[in-house]
Amino acid sequence: MIREDNIRRTTPYTAGEQPKGVKLIKLNTNENPYPPAPGVGEALKSLSEDPAKLRLYPDMDASPLVDALAEEYGISPEEIFVGIGSDDVLSMCFLTFFNSGRPVLFPDITYSFYDVWAEVYRIPFKTVPLRDDFTIRTEDYLGTENGGIVIANPNAPTGVELPLKEIRKIIEGNPENLVIVDEAYVDFGAESALPLIKEYDNLIVVQTFSKSRALAGMRIGYAMGCPELIRAMKDVKFSVNSYTMNLPSITAGTAAVRDRAYFMEITGKIIDVRERFEDELEEMGFDFARSRANFVFARHPLFSGADLKDALRKRGILVRHFAKPRIEDYLRITVGTREEMEEVASALREIIRSGS
Ligand SMILES: *Cc1c(COP(=O)(O)O)cnc(C)c1O
């Protein structure tokens, strides 16, 4: 066996379960319950009719996809970086910008990949406690020496939004360090920091096709920021792997962006179903903050999070539970279709009535 010090040891991210073979209502990884835009299927079909296209390397800059995004968001292609899901994009941000040796700051309760990337890239970091109601205290990110800041907004797994004026204060208070705003859930009713990329050269906004565009299986994410920052990210990316974006995902992603009406329709439906489900949870005595994402993060005073998760699983419903300090009694329940959420609500009523 090779010597231990030859190995980059790290503790990997634990993703939510992808059950095989069992039929469950799957509400544990925040996927979209609806299919992607109809144009996605058509684009993939026309690609499959001409497989010779796969003979060549794909466009290194993923130009059709980048151009479609630029047009959709009213920015220039030089302000966009695309990658293999926002996990790849965020990881490239960490590698490119968190290079100072000073600690990177992010909340104690947030997306649990941030500390994993920090560990694997040997980036020092400091977690900053959220308030008890899971809101961010802006002042904690002002006047604290740091090597960069990462904020998921709305936050995961809490669903709580930090108002844009607070995000602005954090960006303005750290002009010499990069602020990443991870907007994986922004399309479900929160306000995006995207307009601020024109004002600040220390801001990167990251979004994904996995949730609001119903394309988790295709793996597409993107960062938006001023051209200097995007250029630096591309230099690092092209130093690791030039051809990350394959032709099917460029093709499918472009078709998804082009159908704004469908995007508005499915995100609107998810918001409506979420609000109705939250009303139900409230009636049942759950404790939660109103979510701005495609999930609800809630606890019930009479049950531990682990027991409630098990009771739902027995009834064929899969949700996410984090056995972590401060949040071990909460469940993160993805918003599915109206029918699915009605089933979840009636399962929860039965569990509360029967005690298990
Ligand atoms: C889902 C998620 C991502 C990553 O999604 P990809 O599928 O890699 O695009 C990033 N950040 C947060 C907060 C998420 O919840």
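Source: prediction; values computed, not measured. (Residues numbered from 1 in each chain as written. Predicted model: local features only at pLDDT ≥ 70, side-chain atom pairs only at ≥ 80, totals over all residues. Heavy atoms only, no water.)

> Give a description of the pairing of strand S2 (residues 80–83) that names residues and reports values.
Burial of the side chains of S2 extends over both faces: Ile-80 and Val-82 are buried on one face and Phe-81 and Gly-83 on the other. Alignment of S2 against strand S8 (residues 221–225), held across four bridges, turns out to be antiparallel. Directly across from Gly-83, in S8, lies its bridge partner Gly-221. (Buried < 20%, exposed > 50% of the residue type's maximum accessible area, 1.4 Å probe, protein only. Helix = DSSP H or I, 4+ residues; strand = E, 2+ residues; numbered from the N terminus. Pairing = 2+ DSSP bridges.)

> Can you break down the packing of aromatic side chains residue by residue, with the values?
Inspection of every chain in the model, using the stated rule, returns 19 aromatic pairs. When the ring of Phe-134 is compared with that of Tyr-330, the centres are 5.2 Å apart and the planes differ by 65 degrees; the resulting orientation is edge-to-face. On the criterion of sequence distance, the pair formed by Phe-134 in the loop between strand S4 (125–128) and strand S5 (149–152) and Tyr-330 in the loop between strand S11 (317–321) and strand S12 (331–334) is long-range, its members being 196 residues apart. Given the relative accessible area of 8%, Phe-134 is considered buried. Among the aromatic residues, those joined into a cluster by ring pairs are Tyr-13, Phe-94, Phe-98, Phe-106, Tyr-111, Phe-113, Tyr-114, Trp-117 and Phe-125. The ring of Tyr-34 carries Lys-269 above its face, with NZ or CZ at 4.3 Å from the centroid. Above the face of the Phe-295 ring, Arg-332 is positioned so that its terminal group lies 5.8 Å from the ring centre. (Phe/Tyr/Trp six-rings, centres within 6.5 Å; stacked < 30°, edge-to-face > 60°. Lys NZ or Arg CZ within 6 Å of the ring centre and 35° of its normal.)

> Can you explain the site of the ligand? Please cite residues and give values.
In the region of the ligand, 13 residues are neighbours, and Ser-86, Tyr-185, Thr-208, Ser-210 and Lys-211 sit closest. Here an oxygen atom of the ligand and a backbone polar atom of Asp-87 are 2.9 Å apart. In this structure the site holding the ligand corresponds to the largest pocket. It is helix H3 (residues 85–97) that provides the largest number of residues to the shell around the ligand, a total of four residues. (Near = heavy atom within 4 Å. Polar contact = N/O pair within 3.5 Å; in protein donor to acceptor, adjacent residues only side chain to side chain. 1 Å grid on protein atoms, 1.4 Å probe; cavity = no way out; pocket = protein on both sides within 12 Å on 5 of 7 lines; lining within 4 Å. Sits in = over half its atoms within 2 Å of the grid points.)

> Run through the environment of Asp-279, naming residues and quoting values.
Topologically, Asp-279 is positioned in helix H8 (residues 260–283). Sequence separation between Asp-279 and Arg-290 is eleven residues, and the spatial gap between their C-alpha atoms is 9.8 Å.

> I'd like a rundown of the sheet that holds S11, residues and numbers included.
Strand order in the open sheet formed by five strands is S1-S11-S12-S10-S9, and the pairing between neighbours is mixed. Only two strands of the sheet have a single partner each, and these edge strands are strand S1 (25–27) and strand S9 (287–288). Note that S9 and strand S10 (residues 295–299) share two bridges and pair antiparallel. For Phe-288, the partnering residue across the bridge sits in S10 and is Ala-298. The sheet contacts of H8 involve S9, S10 and S12, and relative to S10 the element is tilted by about 10 degrees. Lying over the sheet, helix H9 (residues 305–314) contacts S11 and S12, oriented at roughly 160 degrees with respect to S11. (Contact = heavy atoms within 4.5 Å. Axes fitted to C-alpha atoms, helices over the stretch in contact; angles between N-to-C directions.)

> Describe the side chain of Arg-274, naming the residues involved and giving the relevant values.
Here Arg-274 lies in helix H8. Residue Arg-274 is classed as buried on the basis of its relative accessible area, which comes to 2%. Within the structure, Arg-274 has its side chain in polar contact with the backbone oxygen of Ala-293 (distance 2.8 Å). Filtering out sequence-adjacent residues up to four positions away, Arg-274 remains in contact with Phe-188, Ser-291, Arg-292, Ala-293, Phe-295, Val-296 and Val-335.

> Which residues make up helix H10 (residues 338–354), and what values do they have?
Helical geometry note: an α-helix holds 3.6 residues per turn, so side chains three or four residues apart project in the same direction. Across its 17 residues, H10 extends 24 Å between first and last C-alpha, which sits within 8% of the 24 Å expected from 1.5 Å per residue. Within H10 the residues assigned to the buried category are Met-341, Val-344, Ala-345, Ala-347, Leu-348 and Ile-351. The buried side chains of H10 occupy one side of the element, clustering within an arc of 165 degrees when seen end-on. Exposed and oriented more than 90 degrees from the buried face of H10 are Glu-339 and Arg-353. Elements that come into contact with the buried residues of H10 comprise S1, H8, H9, S11 and S12. Looking at the residues trailing H10, positive phi occurs at Gly-355, about 90 degrees. (Expected span 1.5 Å × (residues − 1). Arc of directions from axis to C-beta.)

Scope: geometric values only; no functional claims are made or implied.
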